[in-house]
Amino acid sequence: MLIRIICGVLIHLLCVLQAQCSPVLKNKNSAERQSKAEELLKYMNKSVDPCDDFYDYVCGNYGTYNPATIEQPSTGLLESLQTKLDANIKTILNADAKEDTAIDMKVKHYYRSCLKMSELGDKYATKLREIINEFGEMPAIAADKWQEAEFDWLETVGKIAYKYGLGILVKLQFSGDFANVTENRLYISEQDFDFARGWYVGDKAEVLSESTTTFFANVLSEFLRIDDMAVALTTATEFLTFERSLAKVMVNQQAGDTVVETYVLRSLDKAQANYFPQFDVKRFVKLAVGSLPNLKIYTQDKYLQNMLEVIKTTPKRVLANYIFFRLSSAFIMQIPENPDNLADTCLAKMKKYFYKHFDNMVYRKFNSREMEQGVHDMWSHIKNVFGKHLQSSHMNWLSPETRQYALEKLKTMTLEVVSFQHTNFSEILGPLEIGDNDYLGNLQKLLAGQSDIMSFQNDYGPQISTSPAYINVENSIKVPVAILQPGYGWSASFPNAFNFGVLGALLSHEMIHGFDDEGSKFDAQGNSHKWWDVNSNKQFKKRCECLRPQYKNFTFAGQHLPDMPNQDENIADNAGVRLAYNAYLNWYDNNRREVVDVESFPGMDFNYRQLFFTSYAYLWCSDSYSKLRSTIMTDDIHFPDKFRVIGPLSNFAEFSKEFNCPVGSKMNPSKKCEIY
C-alpha cells in the first residue's frame, strides 16, 4: 500500500514537471459548462458554410446579443472581461471591509470624493483657474491683460512637470535602458495625445478635427467660463490645429515604428548641443526634475525636431492657450446627466492613477487560485511544445546558431500574473491626506505626490488590461488579473479544447512576439540586441511577405485592409493558433483515457479538434459601432477581429482537414502562409 502511494506521488510530480497531466478532473455536468455551451450556440449562425466564412459561422449572431453602441463602440470577450472587472472594482470601492488596508481606505475616500463632484457647481471653474494661475495666465481668459513678453513655454511646461508630473508638449521620465536593462536612462519623448493617430493624420483627420472643435469649445465655456462662444471656438480651433501639427510625426506602429529606431542616446551635454538654443534641454530637465541627473538621455528626435519647428511658426498666444488647456484637462471631469453613470466616470478617471491598486484589490478579494494554477499549467504545455517545435525539421530555415539562441530565449522567458502583490503602495499614497469630500484637492495632492520624477519608473505591464502582453525588455509575458475571472476564457469545468482555444491562444500569441520581427531585436535578458543571423532574418522576412498581400485582399467596412509593413500581430495570430492547437493535442494525447468523454460541450456536435477551432473563433466574436468601423483600421496594429480568425485558420491545413473544406474554398486557399 505504501509503495502504491509513493508511486502515485512520484507520477503526479513527474506529470507536473513535464506538464503532461490534467491539472483538474472536469465535471461534465456542471451548470457552468451548460451555460457556456448555450452561449456559444446562440452566437453561431449555422446557415453559413464554415468553409466559406468560419467567423460568421461561429459569431454570426454575436452582434444581435451584444450590439455595439456609440456609448460602447465595441463589444467582445475582452470587453466583457473589462465590464466584469469594473463591476468587481466598484463592489470593493462601495463597501468597507475589515481586511481593508490604510491605503485601501485612501483609495475609497478618493472615489467617494469623486462621487460628490456634482455638488461643486460654479466653484469648479474657479478652482481650475486657480490651478492655471499657479503657472501664469491663459490668454483666452486674460484677454487684453495677457502679457506675451512674460510667457516662456519651456519654463511653463517645466514647472508644470515638476509640480504635477504632467508631460505637456514633451514627456520626461526615467526608465531602464532598452539596450541594457541594468542601466537607468532619462527619456524625453512625445507627449501623450488624447486621440489615436488616425484622428490627426489621414483622409478623415479634417472631418474628425471639425467634429471635435465644437466639443472642446463647449468644454472651454463650461469649465473655464469663457462665456464668449466665438472666443471659445477660435481658441479650440487654434489649439487643435496646433496639436494636429504636433501629432503628424507621432509614433506610428502600423508603419513599423519601434522603440529601437525611435530614440537616440546621447550624453546630456550632447543633447544640449544638438537642440540649443531652440530647446534648452538642461534648463528643461532642471526645471522638471529639480536637478541635473548624471545620466545619459534618450531623445525622440523626429518628434522633438518637428515640435520645435511648429513652435517657431505658432503665435505665443496659441501656444499658451494650448499648454494651459492641457493643464486644466488633467483636472476636468464631465459630470454625466444620469447620476447613475457617475460611478463609471469616476472609475474611468481613477484607472490612470490607481490601476495597480485596483488590480491588487480585485486579486485579493476575487482571485481564483485554481484559475491562476490553470494559467501556469497551460503555459508549461505551450512552452514545452514550442521548444520541441524549434528543434524540429520545420525550423530548418533557421541557422543552428540562431535556433539555439531561440531555445535559450524561450527557456528564460517567464510568465507573471500581474497582481502587484509586492508593490509598496504606501510609498506614494502613504504620506497623502485624502479625504472623501474634495476631489480636486485630492487629485492635486495625488499628482504632486507622483510628480517626483524619479518615481516614474516604467511599469512594463498591462494597465487595467484584459489580455496578456509580452514585454520585450523583460522577456516576460504579463497576465492581468482581469483574465483570471472564471467562466470567460478558462474554467476547470470547461473542456480543455475551449481553454486552449481561448486562453491558450492568447498566451501562445504573446509567446510568438518574442520571436517576431520586433522580438528578434531583443535578447533573452531583454536587451536591445539583434540575435538573428543575416540568412535566418532573410528567410524570416521572406516567409512574412506572404502575409501582406493576403491580408490586404480582405475587405472590411467596404474597403480593403491597409497594407501594413508591420506584420508582427498577424505573425503572432497565425503562429499562435498553431502553437495553442499543438499544445492542446499534446495535452489530449497524454490524458486521453481520463478526458475522452468530457472534451465536448453539451448540445454541440463537434469533436475535440473542431471544438478547439470553434473556441478560437469565439475568442474574437465582436461587434463594432457602424459609424466608427472605417476608423478602426487607421489606428490599430491589430486588424479587425474577424480577420484574426479568417486569416490564421485559412492558413492552417489542420483546420481545413477537421471541417472538410475543399481546396480552393475561402477557408482553404491553395496558397497558405506559414511562419512557425
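About the cut-offs
Residues numbered from 1 in each chain as written. Predicted model: local features only at pLDDT ≥ 70, side-chain atom pairs only at ≥ 80, totals over all residues. Heavy atoms only, no water. Helix = DSSP H or I, 4+ residues; strand = E, 2+ residues; numbered from the N terminus. Phe/Tyr/Trp six-rings, centres within 6.5 Å; stacked < 30°, edge-to-face > 60°. Lys NZ or Arg CZ within 6 Å of the ring centre and 35° of its normal. Buried < 20%, exposed > 50% of the residue type's maximum accessible area, 1.4 Å probe, protein only. Pairing = 2+ DSSP bridges. Axes fitted to C-alpha atoms, helices over the stretch in contact; angles between N-to-C directions. Contact = heavy atoms within 4.5 Å. Disulfide = S-S within 2.5 Å.

Caption draft 1: Spatial organisation of the environment of Asn184. Structurally, Asn184 is set in strand β3 (residues 180–190). Asn184 sits 138 residues away from Lys46 along the chain, and the two C-alpha atoms are 56 Å apart.

Caption draft 2: Main features of unusual backbone geometry. The residue after Phe276, namely Pro277, is reached through a cis peptide bond having omega 10°. Positionally, Pro277 belongs in the loop between α13 (268–275) and α14 (281–289). Of note in this structure, Asn475 is not a glycine but carries a positive phi near 50°. Here Asn475 shows up in the loop between β7 (469–471) and β8 (476–480). Residue Asn660 is not a glycine yet carries a positive backbone phi of 55°. Here Asn660 shows up in the segment after α29 (653–658).

Caption draft 3: How the structure looks around the packing of aromatic side chains. Applying the stated criterion across every chain yields a total of 64 aromatic pairs. With a centroid separation of 5.2 Å and an interplanar angle of 35°, the aromatic rings of Phe655 and Phe659 are classed as tilted. Taking the ring centre of Tyr65 as reference, the NZ or CZ of Lys42 above it sits at 4.8 Å. The positively charged end of Lys365 is found above the aromatic ring belonging to Phe366, 5.8 Å away from the centroid.

Caption draft 4: Just the environment of Glu222, in detail. Along the chain, the position of Glu222 falls in helix α10 (residues 205–224). Looking at Glu222, the relative accessible area reads 44%, which means it is partly exposed.

Caption draft 5: Molecular detail of the sheet that holds strand β5 (residues 297–299). The mixed open sheet is built from four strands, whose spatial order is β2-β3-β5-β4. With one partner strand each, in any of the chains shown, β2 (170–177) and β4 (264–266) form the two edges of the open sheet. Looking at each pair of strands side by side, their axes are set apart by 30° on average, direction ignored. Here eight bridges tie β2 to β3, and the two strands are oriented antiparallel to one another. Residue pairing for β3: Ser175 is matched across the bridge by Arg185. Against the sheet, α13 engages β4 and β5, with an angle of about 115° to β4.

Caption draft 6: Representation of the environment of Ile382 within the structure. Turning to its location among the elements, Ile382 is positioned in helix α18 (residues 369–390). Expressed as a C-alpha distance, the spacing of Ile382 and Ala505, which sit 123 residues apart in the sequence, is 9.5 Å. The residues contacting Ile382, other than those within four sequence positions of it, are Phe500, Gly504, Leu507, Ser508, Met511, Leu579 and Ala583.

Caption draft 7: The state of the cysteines, seen in detail. One pass over the full model with this rule turns up four disulfides. In this model Cys114 forms its disulfide with Cys346; the gap between the sulfur atoms is 2.1 Å. Handedness of the Cys114-Cys346 disulfide follows from its S-S torsion of about -90°: it is left-handed. Of this pair, Cys114 sits in helix α6 (residues 102–114) while Cys346 sits in helix α17 (residues 342–366), and the two are 232 residues apart along the sequence. Here Cys114 falls in the buried class, since its relative accessible area comes to 0%. According to the relative accessible area criterion, Cys346 is buried, its value standing at 0%. Shown here is the disulfide that connects Cys546 with Cys673, its sulfur atoms set 1.9 Å apart. Across the disulfide from Cys546 to Cys673, rotation about the S-S bond amounts to roughly -75°, and the bridge is consequently left-handed.

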